[in-house]
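Observations on chain architecture
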Amino acid sequence: MSDIKELLVNRSDYRKTRAIERPQEILAPRQIRVAVEKFAITSNNVSYAVSGDAIGYWRFFPAEEGWGKVPVWGIGKVVESQADSIKVGEKLYGYFPMSSEAVLTVGKVSDDSFMEASPHRADLAAVYNNYRRLAGEPEDMQALEDERCLYFPLFITSYVLYDYLTDNDYFGAKQVVIGSVSSKTAFGLAQLLHEDRPDGPRVIGFTSPGNRAFVESLNCCDDILLYGEEAAVDASVKTAYVDMSGNRELTGKLHRHLGDNMVESCMVGATHWEKRGVAKDLPGAKPTFFFAPAQIAKRNKEWGPGVLYNKAGEASARLARSAASEITVERISGADAISDTWRDFLDNKVAPSRGIMASL
């Protein structure tokens, strides 16, 4: 048996990482060993760390006290199986740790997926416990391995956000303001909203000077504003704000500028995680954390299990193909390179035109 390579992140100081090796564990009945071939690193993973305690992301792959395994979306191959329904050699897409392998417990199985059934994951959001069996999917989906890791978790959130806003008739808003619009989840949402033109709301995106040209190339916003230009937003119009940045200062400025015309304010991402926090005593709608699995669960009851997720998957594939021409995929390997890239994401040093695929 060979050792497992893993990268741990300090839960008190995310910039501190530690590469470890540990022996493989013996599989129990219904468990499979998956060699993690590659995984994406995006700003979404920073959000998992920042929200790790509040949402439970640290609990998916337990680590020693004070340290955590940041979940990532990746591709793996089954190299050992004690589950009759899952064979050695199968390729999987799903939620993995930053590791060279993962042990999963197989629960309910279908032709194209199975549910992870480890007891410590039983009360965590089901969407993260679903693993796709790639051989059971259409060939055009099988061909999107990198795109799936890089974009699908983000664009699925984009679609669920879009569904949340349309489900509530935009809360009466005639314009939607998106913070950190250069992030993938944000520009995915912007594109979906922009496609509703001319009947949909006006789309206004905030970004930094260095990312403005990239956002312009996507052609997904009616207006692109730089941080510091909050006063340029029309305060006479009812507005929904989608906060991808986690920037409390930006949220405060927009709320005070718009007043009661801020009719919805949902917090999604944490690209500006060091300025995070919930601003208090603001005019307008109360800023509220958006949890995509809750909207998925609502639609599962209304539409039937999996319907919204399938719609989101179709939209994600379309958005991924469209974004591919604007994003260059880079491949890195080894704990040192991954640690450096992780810190670059923490420091907002990774250009939105870069897509990082990693392997330990």
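Above this text sits the structure in question.
Read on for a plain summary of the structure. Since the structure is predicted, the reported quantities are computational estimates derived from the model, not experimental observations.

A separate point is the overall build of the protein chain. Each helix and strand counted, the protein chain has 10 helices and 17 strands in total. What you see for the protein chain is a C-alpha radius of gyration of 20 Å, in line with the 21 Å of a compact globule of 360 residues. Projected onto its principal axes, the C-alpha positions of the protein chain cover 65 × 45 × 40 Å. Looking at the protein chain as a whole, 56% of its 360 residues are labelled buried. Here the protein chain displays about 15300 Å² of accessible surface, and carbon together with sulfur accounts for 47% of that area.

As a further point, take helix α4 (residues 145-167). Under the 1.5 Å per step criterion, the end-to-end length of α4 is 31 Å for 23 residues, consistent within 8% with the ideal 33 Å. At Tyr 151, α4 is deflected by roughly 50 degrees, the largest bend along its length, and proline Pro 153 occurs up to four residues later in sequence. Here α4 lies mainly inside the structure; 20 of its 23 residues are buried. Asp 169 occupies a position one or two residues after α4 and carries a positive phi of about 50 degrees.

Pairing is parallel in the open sheet, where six strands are placed in the order β12-β11-β10-β13-β14-β15. A strand with exactly one partner marks an edge of an open sheet, and here the two such strands are β12 (223-226) and β15 (288-289). Summarising the sheet, strand β10 (residues 175-179) and strand β13 (residues 239-243) pair through five bridges and their orientation is parallel. Looking at the pairing, Ile 178 lines up with Val 242 of β13.

Before going further, it helps to examine the sheet that holds strand β4 (residues 67-68). Hydrogen bonds between backbone groups are what pair the strands of a sheet, and the pairing can be parallel or antiparallel. With antiparallel pairing, the three strands of this open sheet are ordered in space as β2-β1-β4. On the outer flanks of this sheet lie β2 (17-23) and β4, each paired with one strand and no other. In this sheet, β4 lies alongside strand β1 (residues 3-10) in antiparallel orientation, the contact comprising two bridges. In the sheet register, Asn 10 faces β4, and the bridge partner there is Trp 67.

On to the side chain of Ser 113. Checked against the element boundaries, Ser 113 lands in strand β8 (residues 113-116). Looking at Ser 113, the relative accessible area reads 9%, which means it is buried. Once residues lying within four places of it in the same chain are set aside, the contact partners of Ser 113 are Lys 108, Asn 130, Tyr 131, Arg 132 and Arg 133.

What follows deals with the environment of Ser 359. Its location among the elements puts Ser 359 in strand β17 (residues 354-359). Sequence spacing of Ser 359 and Ile 332 is 27 residues, and the spatial spacing of their C-alpha atoms is 6.6 Å.

Reading the values: the criteria
- For every chain, the first residue of the written sequence is number 1, and numbering continues from 1 onward in sequence order.
- Per-residue local features of the predicted model are confined to residues with pLDDT of at least 70, and side-chain atom pairs are confined, for both listing and counting, to 80 or more; whole-chain, interface and lining totals are unaffected and use all residues.
- Side-chain numbers come from the whole structure's heavy atoms, not from hydrogens or water.
- Here a helix means four or more residues in a row that DSSP labels H or I, a strand means two or more in a row labelled E, and each is numbered from the N terminus.
- Note that the radius of gyration is over C-alpha atoms, with the globule rule given as 2.2 Å times the number of residues to the power 0.38.
- Relative accessible area decides the class of each residue, using a 1.4 Å probe on protein chains only: under 20% of the type maximum gives buried, over 50% gives exposed, and in between gives partly exposed.
- Working definition of accessibility: Shrake-Rupley area with a 1.4 Å probe, residue cover restricted to the visible protein chains.
- Residue count minus one, scaled by 1.5 Å, sets the expected span of a helix.
- Fitting one axis to the seven residues ending at a residue and another to the seven starting there, the bend at that residue is the angle between the two axes.
- In this description, strands pair whenever DSSP reports at least two bridges between them.
- Should any heavy atoms of two residues lie within 4.5 Å, those residues are counted as being in contact.

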